[in-house]
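Structural overview for review
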Amino acid sequence: MISSAFWRQRRVFLTGHTGFKGSWLSLMLQRLDARVTGYALAPPTDVNLYDMQGVSATLDDRRGDIGDVAALRAAMIGSEAETVIHMAAQPLVLRGYQDPVETYRVNVMGAVALLEAVRAVPSVRTVLVVTTDKCYENQEWAWGYRETDRLGGRDPYSNSKACAEHVVSAYARSFLAERGVRILTARAGNVIGGGDFADNRILPDAARAIRAGRKLEVRSPTAVRPWQHVLEPLFGYLLMCERAESDDNAVGAFNFGPGVEGECTVARLLDGFYAGFDEPPGWARDGAPHPHEANLLRLDTSRAPAPLGWTPLRP
């Protein structure tokens with residue numbers, strides 16, 4: 001259970017608050033009566049959860065580039081943050097292929113800028129950097145990746161997130177641990193849920209195809225991913241920040257996903273989605289060449305239950 005007492009009037013600095021997951025987390029923190037300062041660019045799509053739910057009314061909305069160290073530092077100093085949650089990112093695999101330089105700039109140097117800002121704010125007690133399940137060196141093996149497995153990533157997006165993990169580790173050991181700052185990273189599986197309007201995300205793409213009355217072209221229908229509702233990892237992030245301040249076992253990296261029993265292929269996910277519609281147009285395999293994406297990705301989430309009290313509500 002989330003502790004309302006822990007979060008009540010707690011000063012939280014949240015990057016990426018205008019995005020899909022960031023908007024949901026902002027709303028959760030508002031319900032917990034936290035004092036949130038958000039730092040991000042404008043919402044990434046014209047139609048977005050941030051504007052639909054009036055998230056800006058729930059926090060101190062600061063706009064800026066995550067790579068702007070001076071602006072980021074000034075905003076964080078002004079917030080007098082106690083907890084920092086870093087979610088600002090370039091979050092899409094295909095966009096990483098299209099613009100690798102920007103992907104590395106945002107995902108790697110953005111993490112550097114964030115941690116440089118933390119160094120200037122003595123009130124910070126806990127820092128959570130959100131990366132991805134794709135930060136592991138994918139071997140296409142049948143068992144789930146554990147937090148101690150090798151980091152890597154074949155494509156620019158995945159690799160940039162592995163790099164961000166190394167940045168966090170270096171800053172923790174070089175600068176922040178000696179100050180007593182608790183450093184955390186979260187590696188969550190693919191999320192789905194209301195308010196996601198991004199391109200190249202499976203269910204938003206499917207919804208747009210239905211609206212247009214056309215079949216959805218699917219690159220890899222047999223690919224297995226650890227799909228989960230967006231609120232599942234967000235609860236995990238809050239629990240990480242809470243527990244880390246009182247339990248050394250809650251520090252470090254944690255995976256968040258549905259477990260093997262909750263995994264499914266892209267085809268099965270789509271079939272379940274289309275089952276809720278009368279005579280949907282359905283989907284078809286896209287036979288065109290595409291950049292490489294892993295076919296099999298599983299997460300071992302066995303570390304989270306004991307120190308965090310987290311298990312997926314919908315495995």
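The following refers to the structure shown. These figures come from a predicted structure and were not determined experimentally.

Next up on the list: empty space enclosed by the protein. Overall, the coordinates contain one cavity of 30 Å³ or more when judged by the stated rule. The volume enclosed by the largest cavity comes to roughly 40 Å³. Lining of the largest cavity is provided by His86, Ala88, Ala89, Asn107, Val129, Val130, Thr131, Lys161 and Ala164. Counting residues per element, the ones that place at least two in the lining of the largest cavity are strand 5 (126-130) and helix 7 (156-176). Grouping the constituent residues of the lining of the largest cavity by class yields five nonpolar, three polar and one charged.

Along the chain, glutamate 82 falls in the loop between helix 4 (69-79) and strand 4 (83-86). The exposure class of glutamate 82 is buried, given its relative accessible area of 14%. The contacts of glutamate 82, once residues within four sequence positions are left out, are Gln9, Arg10, Arg11, Ser123, Val124, Arg125 and Thr126.

A few words now on helix 2 (residues 20-31). Between its terminal C-alpha atoms helix 2 stretches 17 Å, which fits the 16 Å expected from 12 residues at 1.5 Å a residue. Taken across its 12 residues, helix 2 has nine buried, putting it largely inside the fold. When helix 2 is considered as a whole, its buried residues turn out to be Phe20, Lys21, Gly22, Ser23, Leu25, Ser26, Leu27, Met28 and Leu29. Positive backbone phi, at 65°, marks aspartate 33, one or two positions downstream of helix 2.

Moving on, we come to the environment of leucine 313. Checked against the element boundaries, leucine 313 lands in the segment after helix 11 (305-308). In this structure leucine 313 comes out as exposed when scored by relative accessible area, which is 68%. Along the sequence, leucine 313 and leucine 231 sit 82 residues apart, while their C-alpha atoms lie 9.5 Å from each other.

What the seven strands build is an open sheet, ordered 3-2-1-4-5-6-11; its pairing is parallel. With partners counted over all chains shown, the strands left at the sheet margins are strand 3 (60-63) and strand 11 (252-256), one partner each. Shown here is a sheet whose adjacent strand axes are inclined to one another by a mean of 15°, direction ignored. Here five bridges tie strand 6 (residues 182-188) to strand 11, and the two strands are oriented parallel to one another. When the sheet's bridge partners are listed, leucine 184 is paired in strand 11 with glycine 252. Contacts from helix 2 reach strand 1 (11-15), strand 2 (35-40), strand 4, strand 5 and strand 6, with the element oriented near 170° to strand 1. Strands strand 1, strand 2, strand 3 and strand 4 of the sheet are contacted by helix 4, whose axis makes an angle of about 160° with strand 1.

The next thing to look at is the packing of aromatic side chains. Summed over the entire model, instances satisfying the criterion amount to 10 aromatic pairs. Pairwise contacts between aromatic rings join Tyr136, Trp141, Trp143 and Tyr145 into one cluster. Between the NZ or CZ atom of arginine 119 and the centre of the ring of phenylalanine 175, over which it lies, the distance is 3.8 Å. Here arginine 303 stacks its cationic end above the ring of phenylalanine 254, 3.9 Å away from the centre of that ring.

Despite not being glycine, glutamate 80 shows a phi value in the positive range, around 50°. The residue glutamate 80 is located in the loop between helix 4 and strand 4 in this model. The backbone of glutamate 279 sits at a positive phi, close to 50°, despite the residue not being glycine. Locating glutamate 279 in the fold gives a position in the loop between helix 10 (266-274) and strand 13 (283-285).

It is worth spelling out the nonpolar core at this point. Counting 37 residues, the largest nonpolar core has Leu25, Leu29, Leu128, Tyr237, Phe256 and Leu308 as its most contacted members. Of all the secondary structure elements, the ones that give two or more residues to this core are helix 1 (4-7), strand 1, helix 2, strand 5, strand 6, helix 9 (231-244) and strand 11. In this structure, Val108, Ala117, Val167 and Val181 belong to the second largest nonpolar core, which totals 30 residues.

The rules we used
- Residues numbered from 1 in each chain as written.
- Predicted model: local features only at pLDDT ≥ 70, side-chain atom pairs only at ≥ 80, totals over all residues.
- Heavy atoms only, no water.
- 1 Å grid on protein atoms, 1.4 Å probe; cavity = no way out; pocket = protein on both sides within 12 Å on 5 of 7 lines; lining within 4 Å.
- Points joined across faces, edges and corners; volume = space filled by probe spheres on them.
- Helix = DSSP H or I, 4+ residues; strand = E, 2+ residues; numbered from the N terminus.
- Nonpolar A, V, L, I, M, F, W, Y, C, P; charged D, E, K, R; others polar.
- Buried < 20%, exposed > 50% of the residue type's maximum accessible area, 1.4 Å probe, protein only.
- Contact = heavy atoms within 4.5 Å.
- Expected span 1.5 Å × (residues − 1).
- Pairing = 2+ DSSP bridges.
- Axes fitted to C-alpha atoms, helices over the stretch in contact; angles between N-to-C directions.
- Phe/Tyr/Trp six-rings, centres within 6.5 Å; stacked < 30°, edge-to-face > 60°.
- Lys NZ or Arg CZ within 6 Å of the ring centre and 35° of its normal.
- Core = buried A, V, L, I, M, F, W, Y, C linked by side-chain atoms within 4.5 Å.

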